[in-house]
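The residues making up each chain are set out below.
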Amino acid sequence: MVVPSLKLQDLIEEIRGAKTQAQEREVIQKECAHIRASFRDGDPVHRHRQLAKLLYVHMLGYPAHFGQMECLKLIASSRFTDKRVGYLGAMLLLDERHDAHLLITNSIKNDLSQGIQPVQGLALCTLSTMGSAEMCRDLAPEVEKLLLQPSPYVRKKAILTAVHMIRKVPELSSVFLPPCAQLLHERHHGILLGTITLITELCERSPAALRHFRKVVPQLVHILRTLVTMGYSTEHSISGVSDPFLQVQILRLLRILGRNHEESSETMNDLLAQVATNTDTSRNAGNAVLFETVLTIMDIRSAAGLRVLAVNILGRFLLNSDRNISSNVRAMMQELQAFLESCPPDLRADCASGILLAAERFAPTKRWHIDTILHVLTTAGTHVRDDAVANLTQLIGGAQELHAYSVRRLYNALAEDISQQPLVQVAAWCIGEYGDLLLAGNCEEIEPLQVDEEEVLALLEKVLQSHMSLPATRGYALTALMKLSTRLCGDNNRIRQVVSIYGSCLDVELQQRAVEYDTLFRKYDHMRAAILEKMPLVERDGPQADEEAKESKEAAQLSEAAPVPTEPQASQLLDLLDLLDGASGDVQHPPHLDPSPGGALVHLLDLPCVPPPPAPIPDLKVFEREGVQLNLSFIRPPENPALLLITITATNFSEGDVTHFICQAAVPKSLQLQLQAPSGNTVPARGGLPITQLFRILNPNKAPLRLKLRLTYDHFHQSVQEIFEVNNLPVESWQ
């Protein structure tokens, strides 16, 4: 039995009703087969319906190239219903890469000369969307004729098509110069805005056009003055500003015409002063007009007093605390979190990433920020970004007033579910750091919770024994147990037993950590409390620094979840949280431990001798943009060749300062990366004092080194973000 072809509405309903992607593909494959059969049969009556369904399939991302020739047949049809779908299909399915697009040139030419306005509009829209250089050259005379047609509908579309033609074929400028002067007298908003855009394109691409249109500067000044004083029409006013889109476009054109031209600049000086002083800045529309005015003043040969006014306006912009952020982040985040709980698995990663980024930038309070990240980790912990754990631990560590609240929230979440690995890692870190606050039970912000020491230890042991726990998660749990040995009041025998058991674990990193902890119990118990003291608070210097501290640090997994602080106060000889820092580079399996109490603490693992120092490593330039450069220099300490010290140096040879500079890095998981604090966040212009930052990379296996960098900074009043990989690091840096 042959299944009949579906109508477009029925096809949409059936596709939306598919429960899985496989069902959706099955529906689309069946319908595409019907569409192909209909095209082969040459059914002229229903051809436009079949193509409409194919276009919907194309918008879903499925192949629809076999409908290209059907677009040509529909365009050549005499029926408007066919032409409408045919032109739409040509705009979606054809472009310059397909030779078939040249076949519709004659059809477009005939439709432009027919005089039927809807058909002319379809032809002009198609030409301005996918017209190639050859088509533009062939059809330029027809478009020129339509620029002066009586119908505003056709003229507006013809102007926009002319803009596309100028961008494709700049030598066509001479064709469209004569009609522009007449079009400037139009009162129709769409025609006038399109004409200003067309003149701007002509002036940017043709010196002859630039000289020609400098004659119309007085007319442009008159149009803009009329907008400022009397307005254009109420329907085009936004927040009390008369037609800001047209004002901005005229200001941009005046900036081009007045550049390096004394007479034109003199003509527009008074007008610019009037716009700068009379524009309402209480709304974004007014700020947009004012900013374009400042750019125009600074780019033309304006009067000295006018430049002082522009500088003062810029100063007010810099002092304005409004960052164009609305206060609806709480309500919007609730909607996003509700969607996260019900969205398909393939969308959860993007949704979770968006929620975390929004929370980092627009969090009204630290507690709200912590609650938001915890909700994401609880709902979609396996789909979050790699830096979510480090960001949350840094956030909690810097919020001293929320330590008790955070550890209780995380303990409850961990007791309910240990399958979400990022959540488990943060909870283990927090319990290890603030376990004493958890047992104290003095948090007034949530319901009272009575927890005893045995319950906490049992929960961490459950994490260690769970088959769902990753090796890194077990490392967090083991370190948390070790830290609890200094925070709990009871006997530590249970903790010592667990630590000694993992001294023979098959996972090398976990085994090494357990051996170090066991040795700390046996040989250096008098230093255990100092070594395992709480992490120092993260310092924040104000609102801006608070936002910058929330920025993600894309680093590989570290031995400990918390961000690496400065040197511990207890001793620089032993850093158990960083695998002895530079002293354990070549260790793969823990060697035999000397039970004697003597010997220096740095020789806790009786490390072997180091090889001779390597040859100097050449520097490497990895980034350059608009005068901003980033260079890497390398050092491998002779006493520990597995450790690589990379010093990044950011320099600025441009004319503007680089501010809010942040460099973040990530390495493969087989390596360990530690980011030191940078020397600053501002790189002065013209080769001023550079910013330096130290990366410490531990590469015991001498694996090929790859580095992923993310740079964020503000330059020339624009926010810049660059993410790139460095794959050409010198071989000497890792072999």
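Residues numbered from 1 in each chain as written. Predicted model: local features only at pLDDT ≥ 70, side-chain atom pairs only at ≥ 80, totals over all residues. Heavy atoms only, no water.

## Things to note about the overall build of the chain
And then number 1: From N to C terminus, the chain includes 29 helices and ten strands.
And then number 2: Out of the 735 residues in the chain, the part that is buried amounts to 49%.
And then number 3: Look at the contacts in the chain between residues 6 or more apart in sequence, and 69% of them connect residues 24 or more apart.
And then number 4: On the chain, roughly 35400 Å² of surface is accessible, and the fraction owed to carbon and sulfur atoms is 53%. (Helix = DSSP H or I, 4+ residues; strand = E, 2+ residues; numbered from the N terminus. Buried < 20%, exposed > 50% of the residue type's maximum accessible area, 1.4 Å probe, protein only. Contact = heavy atoms within 4.5 Å. Areas by Shrake-Rupley, 256 points an atom, 1.4 Å probe, with all protein chains shown as cover.)

## Side note on a nonpolar patch on the surface
And then number 1: A surface patch of nonpolar side chains, amounting to about 280 Å² of accessible area, comprises M59, L88 and L92.
And then number 2: Mapping L92 onto the fold places it in helix α5 (residues 80–93). (Patch = residues over 30% accessible without salt bridge, like charges linked within 9 Å, V, L, I, M, F, W, Y side chains within 5 Å. Salt bridge = Lys/Arg side-chain N within 4 Å of Asp/Glu carboxyl O.)

## Here we look at the sheet that holds strand β8 (residues 691–698)
And then number 1: In space, the five strands of this open sheet follow the order β3-β4-β5-β8-β7, with antiparallel pairing throughout. What marks the edges here is a single partner per strand, and that holds for β3 (620–625) and β7 (672–675). Sheet twist, expressed as the average angle between the axes of neighbouring strands with direction ignored, equals 20°.
And then number 2: Inspection of the sheet shows β7 paired to β8 by four bridges, in the antiparallel sense. Within the sheet, the bridge partner assigned to L673 lies in β8 and is I697. (Pairing = 2+ DSSP bridges. Axes fitted to C-alpha atoms, helices over the stretch in contact; angles between N-to-C directions.)

## Remarks on the packing of aromatic side chains
And then number 1: On inspection of all chains with the given rule, the structure shows four aromatic pairs.
And then number 2: The ring of F66 carries R36 above its face, with NZ or CZ at 3.9 Å from the centroid. (Phe/Tyr/Trp six-rings, centres within 6.5 Å; stacked < 30°, edge-to-face > 60°. Lys NZ or Arg CZ within 6 Å of the ring centre and 35° of its normal.)

## Some remarks on the sheet that holds strand β9 (residues 707–715)
And then number 1: Strand order in the open sheet made by the three strands is β6-β9-β10, with antiparallel pairing throughout. Each having just a single partner strand, β6 (658–666) and β10 (718–726) make up the two edges of the open sheet. Taking the axes of each pair of neighbouring strands and ignoring which way they run, one obtains an average angle of 10° across the sheet.
And then number 2: Across nine bridges, the pairing between β9 and β10 is antiparallel. Among the inter-strand pairings, L711 is bridged to a residue of β10, identified as E722.

## Description of the environment of Q29
And then number 1: Locating Q29 in the fold gives a position in helix α2 (residues 21–41).
And then number 2: Judged by its relative accessible area of 56%, Q29 is exposed.
And then number 3: Residues Q29 and V57, 28 residues apart in the sequence, show an inter-C-alpha distance of 9.9 Å.

## Considerations on the confidence of the model for the chain
And then number 1: Counting all residues, the mean pLDDT for the chain is 81, and 86% of those residues have values of 70 or more.
And then number 2: For the stretch residues 540–611, pLDDT sits under 50, and the model shows 166 contacts to residues farther than four places along the chain or on other chains. (pLDDT = per-residue confidence, 0-100.)

## Observations concerning helix α14 (residues 244–258)
And then number 1: Here α14 spans 21 Å end to end across 15 residues, near enough to the 21 Å set by a 1.5 Å rise per residue.
And then number 2: When you tally the buried positions in α14, you get 13 out of 15 residues, the bulk of the element.
And then number 3: In the segment just after α14, N260 is the residue with positive phi, at about 60°. (Expected span 1.5 Å × (residues − 1).)

## Digging into the side chain of Q664
And then number 1: Secondary-structure assignment places Q664 in strand β6.
And then number 2: Owing to a relative accessible area of 4%, Q664 belongs among the buried residues under this scheme.
And then number 3: Among the polar contacts made by the side chain of Q664, one reaches the side chain of R710 at a distance of 2.7 Å. (Polar contact = N/O pair within 3.5 Å; in protein donor to acceptor, adjacent residues only side chain to side chain.)

## Observations concerning unusual backbone geometry
Leaving glycine out, the prevailing phi sign among residues is negative, and the prevailing peptide bond configuration is trans.
And then number 1: Although it is not a glycine, N260 sits at a positive phi angle of roughly 60°.
And then number 2: We classify N260 as exposed; its relative accessible area is 57%.

## Side note on the pairing of β3
Each regular strand displays side chains that alternate between the two surfaces of the sheet.
And then number 1: Looking at chain direction, β3 and strand β4 (residues 628–635) are connected through five bridges and run antiparallel. Within the sheet, the bridge partner assigned to L620 lies in β4 and is L632.
And then number 2: Between the antiparallel neighbours β3 and β4 lie two residues, among them E626 with a positive phi of about 50°.

## Examining the pairing of strand β5 (residues 643–652)
And then number 1: Here β5 lies mainly inside the structure; eight of its ten residues are buried.
And then number 2: Both β5 and β8 contribute to a ladder of eight bridges, which runs antiparallel. Note on β8: the bridge partner recorded for I646 is F695.

## What to know about the environment of F339
And then number 1: Its location among the elements puts F339 in helix α18 (residues 329–342).
And then number 2: Residues F339 and C351 lie twelve residues apart in sequence; the distance between their C-alpha atoms is 8.3 Å.
And then number 3: With sequence-adjacent residues up to four places away left out, F339 is seen in contact with L347 and C351.

## Topic: α2
And then number 1: Taking 1.5 Å of rise per residue, 21 residues should cover 30 Å, and α2 covers 30 Å from first to last C-alpha, within 8% of that figure.
And then number 2: For α2, the full list of buried residues reads V27, I28, E31, C32, I35, S38 and F39. Looking down the long axis of α2, one finds its buried residues gathered within 130° of arc, a one-sided arrangement. Among the exposed residues of α2, those pointing more than 90 degrees away from its buried face are Q29, K30, R40 and D41.
And then number 3: Buried residues along α2 sit in contact with α1 (8–16), α3 (47–59) and α4 (68–76). (Arc of directions from axis to C-beta.)

## What about the packing of helix α20 (residues 366–380) against helix α21 (residues 388–398)?
Each pair of packed helices can be summarised by the angle the axes make with each other and by the distance between the axes.
And then number 1: Remark: α20 packs on α21, axes separated minimally by 11 Å, with the N-to-C direction vectors making an angle of 150°. With respect to their mutual orientation, α20 and α21 come out roughly antiparallel. Here the hand of the crossing between α20 and α21 comes out left-handed. Contacts between α20 and α21 involve K366, H369, I370, I373, L374 and L377 from the first element and L392, L395, I396 and G398 from the second. (Parallel < 35°, antiparallel > 145°, perpendicular 65-115°, else oblique. Left-handed = near helix turned anticlockwise from the far one by under 90°.)

## Quick look at the nonpolar core
It is characteristic of soluble globular proteins that their nonpolar side chains tend to be buried jointly.
And then number 1: Counting residues in each nonpolar core, the largest one holds 76 residues, and the members touching the most others are M165, F176 and F213.
And then number 2: With eight residues, α14 is the single largest residue contributor to this core.
And then number 3: Leave out the neighbours within four places in its chain, and M165 touches L127, C136, L139, A140, V143, L172 and F176.
And then number 4: Judged by nonpolar contacts, the second largest core, of 71 residues, contains M333, L395, I396 and L464. (Core = buried A, V, L, I, M, F, W, Y, C linked by side-chain atoms within 4.5 Å.)

## Points about the packing of α20 against helix α22 (residues 403–416)
And then number 1: At a closest axis distance of 11 Å, the pairing of α20 and α22 adopts a crossing angle of 15°. Of the possible angle classes, the one that applies to α20 and α22 is roughly parallel. Judged by the twist between their axes, the crossing of α20 over α22 is right-handed. Of α22, the residues touching α20 (which contributes R367, I370, D371 and L374) are Y405, S406, R409 and L410.
And then number 2: Across the contact of α20 with α22, the residue classes break down as four nonpolar, one polar and three charged. (Nonpolar A, V, L, I, M, F, W, Y, C, P; charged D, E, K, R; others polar.)

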